[in-house]
Structure formats: structure tokens, C-alpha cells
Amino acid sequence: MMRPMKLAGSQLMFGEGCLEHLKTLKGSKAMIVTGGSSMRKSGILQKVIDYLKEANIESDVFSGVEPDPLFSTVINGANKMKEYGPDIIIGLGGGSAMDAAKAMWIYYENEEFKTLQDILPPNEFPKLREKAYLVCIPSTSGSASEVSRSIVITEDATHTKFGVGNMEMMPDIAICDPLVTATMPGKITAETGMDALTHALEALVSKRANYLSDIFSQAAIKDIVQYLPKAFEDGENLEYREKMLNASFTAGLAFTNVSLGIVHSMAHTLGSLFGLAHGLLDAVLLPYVMEFNSKDGNAREKYNKIATEIKGGSDLVSIVKELNNEVNIPACLSELIPDDKSFNEKMELMIDMALADGCTKTNPIIPTRDELRDLYLYAYNGRR
Ligand SMILES: [Fe+2]
């Protein structure tokens, strides 16, 4: 049976200049959670603080969230929130900063929670919003955490990534202003943009895909194929930035409702074991998994329909490969993981982890162990 659709929180703002929406927020104290120094350097952090001031909201900043946020960072942030007592939490940055803000919010609201296991099944996910509501402002066009119900948090000791999804974590307000993304470097533009394309393409062929998620996925795929190379070449062009940011959250509206597939299962696994960026892994794996998924008639039909609409007949796998090439993404995993011995030694673990990943169950074909092994090897060696 169909699952209920939820399209973003209570407010979804997009378009150039919509950051000003912060002036209309209600509350008294905000904690802004952000990553390294890019938001400070670009002046966006100061803008956020100033707009909040205009709404009579004081603010404090928790900065330094690392890529693939660690659980210890989540606890540090939650402790800072317990001292400061915000009634608004603002995640400002890429997927890592927004995911960390969501996770800190859980531990701030539930002071009795101490461990990562407290929010993992079989434990019941807690209610939020007793103390604060959540605003997310993306600085990349990729993760769509601003409209998603999920987070990925890394366990300190094992460096294992844990994905947690619950509707409680849907941000109340998403503010998607292309000006916030304008200073993103080319490499990040490419990797996060390919993450967004992977969200759209996996949602499109998900076993839970529906009429509405298909509309979002298709729109996002077409815009990303057209505008990612342009945004990569000319990052200062706000029209291209806006197209990419809109496509990213539109893909998010689809995948947060119908889930993903094995590109994500394999990327989560390789990210945990080899410490590589999520979007980069998605990008490299995507064409190999699409070739595999094309064995499913429904998936093949959907790919072909989009390919015809984009380029009048060429196949979608080739379109994705060409796109990767245009934005300087390597064609195979061996370029990212040169140590093939270590890659092969971890193979059985890599298969276990990908099969156990929550994204596997909605892939159009559930792969066997042998099929997953082949997929890893094809992606490693660049073979069809
Ligand atoms: Fe992703």
C-alpha cells in the first residue's frame, strides 16, 4: 500500500533573495549550526545573524561541523544548545551541517538521550518541537536535507555511517536561496549536483515510486542534466545556481517519500570504509547501477522515456557518463581507491553492508551477493 506523502515542512521558500524570509521568523533565540568557514567568509552567516536581529531574535553559532558529522560533534552541539536554550535551530550549510543540526536538535529536546543507539531502531523515535523548531538553509545543491526526514551520522569509534529516517525530523522551514550557494567551488558543485541527480534517478525507479514522485524526479533529472555543466563552468551565474538548487530540493521531495536504491547503499558502504565524499561515490557508481537496473523492464522504460525527452533518443546511461566527464568525475572507482588489494579484501564486508542498507529494499532489482560483487568490480575496473 502507498505510504503518505509529505512535501517539505510547513514552509518551503525558494528563489533569489528568499534568505530575507528570516526576518519574519517568530522566536527569541536561535542557534545557528554550520560547517567550516565558507559561510562566514562568504558573508552569508553575518546576513543570517542580521536578518534574525531584525526579527528581534538573538543568535549564537556552533561552527566546525565536519564532513560526515561525527556523533561526538552532535553531542557537543546539543550540550551547547542546552546551555543557550534556543527556540529556533538553524542548519546552515551542506548536508553535513543540516544533518548535524537535526541530530543536535534530537539530543537537545531529549536530555535523557546519551548514545547513538538511543535514536536507532528498535528504540522508538522521540517527539521533537517541545523546545525549538528547525530551519534549514542549504549552501549546496545536493543533499536535500532541507526537505528530507533523514540524517546520516558517523559513529566515532568505527567510522560507520548510520542513516536514520523519521518524519519528526522534517525541517519546519526550508529556505533555498541560490545566493547562499553562489560561492560553492566547482568540485563541490559537481559532486553535490551528481548526488542530486542520483536522488532523482533512484527515486524515479524506486519500488515505491508514484505519480507525484515521478513528476518531481523527471523535472529534476532534466534540469540537472542541462544546468549542472553550466553551474560547474560558471558558478557566479545565479540563474544556473537557482536551477540546480530548485532541482536538488525537487529531487528531495521525491526521494524522501519513495526512498532510493543501491547506488546509495554502495556509496554509504564505500564512504564508511574508504572515507570518500558521498556525491563523488554516487556519481561514479550511478551509470554501472543504471546498466544493472535496466534489466528491469519498468526501470528501462523510465530511463528511455527521459533520454528521449532530453536528447532525442540517446540512452540515459551514456548521458550520465557524458555528464560525469563534463564535470571532471572519474569513470571508475580504481581512480579513487588505487589500493586494489584493500578493495578486494573488503569485498565480502562491502556486500554485507550494502545488502543491509535501508536503500536496497526499494531498488528495482534486489541484487544477489554475486550481482553486488560484479557491480563493485565493474565500477572498480570501469567495465560494462
Ligand atoms: Fe545522496
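Residues numbered from 1 in each chain as written. Predicted model: local features only at pLDDT ≥ 70, side-chain atom pairs only at ≥ 80, totals over all residues. Heavy atoms only, no water.

Caption draft 1: Spotlight on unusual backbone geometry. In the segment running from proline 121 into proline 122, the intervening peptide bond is cis, with an omega of 10 degrees. Phi angles above zero are rare outside glycine, and alanine 8 is one such case at about 65 degrees. For alanine 8, the position within the fold is in the segment before strand 1 (11-14). One non-glycine residue, asparagine 56, adopts positive backbone phi at about 60 degrees. Locating asparagine 56 in the fold gives a position in the loop between helix 2 (44-54) and strand 3 (58-62). (Helix = DSSP H or I, 4+ residues; strand = E, 2+ residues; numbered from the N terminus.)

Caption draft 2: Spotlight on empty space enclosed by the protein. If you walk through the whole model with that rule in mind, you get one cavity of 30 Å³ or more. Size it by volume and the largest cavity reaches roughly 30 Å³. Going through the elements one at a time, helix 6 (186-204) and helix 10 (278-293) are the ones with two or more residues in the lining of the largest cavity. Sort the elements by how many residues they give to the lining of the largest cavity and helix 10 lands first, with four residues. Classifying every residue of the lining of the largest cavity gives seven nonpolar, one polar and one charged. (1 Å grid on protein atoms, 1.4 Å probe; cavity = no way out; pocket = protein on both sides within 12 Å on 5 of 7 lines; lining within 4 Å. Points joined across faces, edges and corners; volume = space filled by probe spheres on them. Nonpolar A, V, L, I, M, F, W, Y, C, P; charged D, E, K, R; others polar.)

Caption draft 3: Highlighting the pattern of salt bridges. Evaluation of the coordinates by the stated rule reveals 19 salt bridges. Glutamate 20 is the salt-bridge partner of lysine 23, the closest N and O atoms lying 2.7 Å from each other. According to the relative accessible area criterion, lysine 23 is partly exposed, its value standing at 29%. The shortest N-O distance in the salt bridge between lysine 295 and glutamate 371 comes to 3.8 Å. In this pair, lysine 295 sits in the loop between helix 10 and helix 11 (297-311) while glutamate 371 sits in helix 15 (residues 369-381), placing the two residues 76 residues apart along the sequence. (Salt bridge = Lys/Arg side-chain N within 4 Å of Asp/Glu carboxyl O. Buried < 20%, exposed > 50% of the residue type's maximum accessible area, 1.4 Å probe, protein only.)

Caption draft 4: Broad picture of a negative patch on the surface. A contiguous patch of negative charge, built from Glu233, Asp234, Glu236 and Glu326, is present on the exposed surface. You can see glutamate 326 is positioned in helix 12 (residues 316-326). Glutamate 326 sits in the partly exposed class, given a relative accessible area of 40%. (Patch = residues over 30% accessible without salt bridge, like charges linked within 9 Å, V, L, I, M, F, W, Y side chains within 5 Å. Areas by Shrake-Rupley, 256 points an atom, 1.4 Å probe, with all protein chains shown as cover. Lys, Arg positive; Asp, Glu negative; His and termini not counted. Charge placed at Lys NZ, Arg CZ, Asp CG, Glu CD.)

Caption draft 5: Region of interest: the pairing of strand 4 (residues 88-93). When you tally the buried positions in strand 4, you get six out of six residues, the bulk of the element. In this structure, strand 2 (residues 29-34) lies alongside strand 4, joined through five bridges in parallel fashion. Note that in strand 4 the partner of alanine 30 across the bridge is isoleucine 88. Bridge count between strand 4 and strand 5 (residues 133-138): six bridges; the pairing is parallel. (Pairing = 2+ DSSP bridges.)

Caption draft 6: Highlighting the environment of isoleucine 329. Structurally, isoleucine 329 can be placed in the loop between helix 12 and helix 13 (340-345). Each C-alpha atom of the pair isoleucine 329 and methionine 244 lies 18 Å from the other, and the pair is 85 residues apart in sequence. With residues up to four places along the chain from it excluded, the contact list for isoleucine 329 reads Ala190, Glu191, Met194, Leu280, Ala283, Val284 and Asn324. (Contact = heavy atoms within 4.5 Å.)

Caption draft 7: A look at the sheet that holds strand 4. In space, the six strands of this open sheet follow the order 1-8-5-4-2-3, with parallel pairing throughout. Each edge of the sheet is formed by a strand with only one pairing partner; in this case those strands are strand 1 and strand 3. Shown here is a sheet whose adjacent strand axes are inclined to one another by a mean of 15 degrees, direction ignored. Sheet topology note: the strand 5/strand 8 (residues 173-176) ladder contains two bridges and is parallel. Considered in strand 8, the bridge of cysteine 136 is made with alanine 174. (Axes fitted to C-alpha atoms, helices over the stretch in contact; angles between N-to-C directions.)

Caption draft 8: Spatial organisation of the coordination of the iron ion. All of the protein donors around the iron ion are Asp195 (OD), His199 (NE2), His264 (NE2) and His278 (NE2); their distances to the metal are 2.2 Å. Considering all four donor atoms around the iron ion, the spread of angles at the metal, 84 to 170 degrees, places the coordination shape in the irregular class. Given a relative accessible area of 5%, aspartate 195 falls into the buried group. (Donors = N, O, S within 2.8 Å, 3.2 Å for Na, K, Ca; no water. Tetrahedral: all angles 85-135°; square planar, octahedral: opposite > 155°, others 65-115°.)

Caption draft 9: Highlighting the nonpolar core. Met194, Leu197, Leu201, Leu270, Leu333, Phe343 and Tyr376 are the most contacted members of the largest nonpolar core, which totals 63 residues. Residue contributions to this core peak at ten residues, all from helix 10. Aside from chain neighbours lying at most four places away, what touches leucine 270 is Gly275, Leu276, Leu281, Leu285, Leu333, Phe343, Met350 and Tyr376. Judged by nonpolar contacts, the second largest core, of 32 residues, contains Ala78, Tyr84, Cys136 and Ile153. (Core = buried A, V, L, I, M, F, W, Y, C linked by side-chain atoms within 4.5 Å.)

Caption draft 10: Here's a closer look at the packing of aromatic side chains. Scanning all chains against the criterion turns up seven aromatic pairs. Judged by centre distance (6.2 Å) and plane angle (70 degrees), the ring pair of tyrosine 107 and phenylalanine 113 falls under edge-to-face. Looking at tyrosine 107, the relative accessible area reads 1%, which means it is buried. Judged by its relative accessible area of 13%, phenylalanine 113 is buried. Seen in terms of ring centroids, tyrosine 227 and tyrosine 240 are 6.1 Å apart; in terms of plane orientation they differ by 40 degrees. Their pairing is tilted. Of this pair, tyrosine 227 sits in helix 7 (residues 211-233) while tyrosine 240 is found in helix 8 (residues 238-258), placing the two residues 13 residues apart along the sequence. We note that tyrosine 227, like tyrosine 240, is buried. Taken together, the ring pairs connect Phe274, Phe343, Tyr376 and Tyr380 into an aromatic cluster. (Phe/Tyr/Trp six-rings, centres within 6.5 Å; stacked < 30°, edge-to-face > 60°.)

Caption draft 11: Inspection of the packing of helix 10 against helix 15 at higher detail. The interhelical angle for the contact between helix 10 and helix 15, taken along N-to-C directions, is 140 degrees, at an axis separation of 9 Å. The orientation of helix 10 relative to helix 15 falls into the category oblique. As helix 10 packs across helix 15, the resulting crossing turns out to be right-handed. Across the interface between the two elements, Leu285, Tyr288, Val289 and Phe292 of helix 10 pack against Glu371, Leu375, Tyr378 and Ala379 of helix 15. Per-class residue counts for the contact of helix 10 with helix 15 are seven nonpolar, no polar and one charged. (Parallel < 35°, antiparallel > 145°, perpendicular 65-115°, else oblique. Left-handed = near helix turned anticlockwise from the far one by under 90°.)

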